[in-house]
Amino acid sequence: MRVAEPQERAFDAVGVVQIFDVNVGGSVQVFEAALKLGVEQVLQLSSGSVYGDLGLQAAELDEETTTPRPVTLYGISKYAAERAALRYRATRGLNVTTIRLGLVYGPWEYNTGLRDTLSLPLQIFRSARQGDSVILHTEAGTDYIHSLDVAYGMLKILDKGVCMHGLYHLSAGKTWSHFEWCQGLSAHFPKFSFQASENLSDCTVGKNAPLARAPFSIQRISTEFDFS
């Protein structure tokens, strides 16, 4: 069985500590600073990595009914940070809302060397622009959301000020088709070509990209904030 997340790199002890220092310790530092300074509202960004391989076992992932089961150290630390936010919200009076993001692509995505991989839409675009031929996995694609739509959803929440729930999914709400993306790019870059393979080892792009994860339900954010 394939896992829904990219295979985790082998971290040494320093790397593991850094993951938790940033994701958990950093979140707590922000919460404490917000309380001290009287910040009116805090948005915490989280990740689909908290679901681990559950994305292979359900048609849709829901904030209310799908219990997270993180596998990687990154996912575990992100889930711990989420729970800390909910605790601060419930017991410390901090107006904090956690936003669990789908996979984000779009403007301002740069290869800084700090991420394991760039988004698959960007990887495909770069290959198309160069006129290359790519091989994609037959199940490539999950709930990618454009970065401007993420900003739009966050502004919806900020504008309202106070949220009914402490956690919202912010994603496309459906599976994103990389093959439709390739077809569209072919019209602009005639030398570009693509094909599919069931064998991940044959693929030339997306080997580290998430595979076969169910999309997030966005019913909660759509109902409460009229987000689409």
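Keep in mind that what you see is a predicted model, and the values were worked out from it rather than measured.

Conventions and cut-offs
- Residues numbered from 1 in each chain as written.
- Predicted model: local features only at pLDDT ≥ 70, side-chain atom pairs only at ≥ 80, totals over all residues.
- Heavy atoms only, no water.
- Pairing = 2+ DSSP bridges.
- Helix = DSSP H or I, 4+ residues; strand = E, 2+ residues; numbered from the N terminus.
- Axes fitted to C-alpha atoms, helices over the stretch in contact; angles between N-to-C directions.
- Patch = residues over 30% accessible without salt bridge, like charges linked within 9 Å, V, L, I, M, F, W, Y side chains within 5 Å.
- Areas by Shrake-Rupley, 256 points an atom, 1.4 Å probe, with all protein chains shown as cover.
- Salt bridge = Lys/Arg side-chain N within 4 Å of Asp/Glu carboxyl O.
- Buried < 20%, exposed > 50% of the residue type's maximum accessible area, 1.4 Å probe, protein only.
- Parallel < 35°, antiparallel > 145°, perpendicular 65-115°, else oblique.
- Left-handed = near helix turned anticlockwise from the far one by under 90°.
- Contact = heavy atoms within 4.5 Å.
- Nonpolar A, V, L, I, M, F, W, Y, C, P; charged D, E, K, R; others polar.
- Phe/Tyr/Trp six-rings, centres within 6.5 Å; stacked < 30°, edge-to-face > 60°.
- pLDDT = per-residue confidence, 0-100.
- Core = buried A, V, L, I, M, F, W, Y, C linked by side-chain atoms within 4.5 Å.

Considerations on the sheet that holds strand β2 (residues 96-101)
- With parallel pairing, three strands are arranged side by side in an open sheet as β1-β2-β6. Edge positions in the sheet fall to β1 (42-47) and β6 (167-170), since each of these pairs with one other strand and no more. Strand-to-strand twist of the sheet, defined as the mean angle between neighbouring strand axes without regard to direction, takes the value 30°.
- In this sheet, β6 lies alongside β2 in parallel orientation, the contact comprising four bridges. By the bridge assignment, I99 is partnered in β6 with Y168.

A closer look at a nonpolar patch on the surface
- On the surface, a cluster of nonpolar side chains totalling about 420 Å² of accessible area is made up of W108, Y110 and L148.
- Assignment of secondary structure puts W108 in the loop between β3 (103-105) and α3 (120-129).
- The exposure class of W108 is exposed, given its relative accessible area of 63%.

A few points about the packing of α3 against helix α5 (residues 178-188)
- Their axes nearest at 10 Å, the elements α3 and α5 cross at an angle of 25°. Overall, the two elements α3 and α5 adopt an arrangement that is roughly parallel. At the point where α3 passes α5, the crossing takes the right-handed sense. Contacts from L120, P121, I124, F125 and A128 in α3 reach H178, W181, C182 and L185 in α5.
- Of the residues contributing to the contact of α3 with α5, the split by class is eight nonpolar, one polar and no charged.

Regarding the packing of aromatic side chains
- Evaluated as defined, the whole model comprises 10 aromatic pairs.
- Centroid distance Y105 to W176: 5.3 Å. Interplanar angle 65°. Geometry classified as edge-to-face. Of the two residues, Y105 sits in strand β3 while W176 sits in the loop between β6 and α5, which places them 71 residues apart along the sequence. W176 shares its class with Y105; the two are buried.
- Taken together, Y105, Y144, W176 and W181 form an aromatic cluster joined through their ring pairs.

Some thoughts on the confidence of the model for the protein chain
- Mean pLDDT over the protein chain works out to 89, with 93% of the residues at or above the 70 mark.
- Under a pLDDT of 50 for its full length, residues 1-7 has, in the predicted model, 19 contacts with residues more than four places off or in other chains.

What about the nonpolar core?
- In this structure, L120, I124, L136, F192 and V205 are the most contacted members of the largest nonpolar core, which totals 13 residues.
- Of all the elements in the fold, those that place two or more residues in this core are α3, β4 (133-137) and α5.
- Of all the elements, α3 adds the most residues to this core, at three residues.
- In terms of nonpolar packing, the next biggest core, distinct from the first, is built from 12 residues, I99, L101, Y168 and F225 among them.

Description of the packing of helix α1 (residues 13-37) against helix α2 (residues 73-91)
- Contact geometry for α1 and α2: axes closest at 9 Å, N-to-C directions at 15°. Here α2 runs roughly parallel to α1, going by the angle between their axes. Note that α1 runs across α2; the crossing there is right-handed. Of α2, the residues touching α1 (which contributes V16, I19, F20, N23, V24, S27, V28, F31, E32 and L35) are L73, Y74, I76, S77, K78, A80, A81, A84, A85 and Y88.
- For the contact of α1 with α2, a count of residues per class yields 15 nonpolar, three polar and two charged.

Looking at the side chain of T97
- With respect to the helices and strands, the residue T97 is situated in strand β2.
- A relative accessible area of 0% means that T97 is categorised as buried.
- Those residues in contact with T97 that lie beyond four places of it in its chain are V42, L43, Q44, R89, I157, C163, H165, G166 and Y168.

A word on unusual backbone geometry
- Phi at W108 is positive, roughly 70°, even though this residue is not glycine.
- In this structure, D226 takes a positive phi of about 55° despite not being glycine.
- Following the sequence through the fold, D226 ends up in the segment after α6 (219-225).
- On the basis of relative accessibility, which here comes to 57%, the residue D226 falls in the exposed class.

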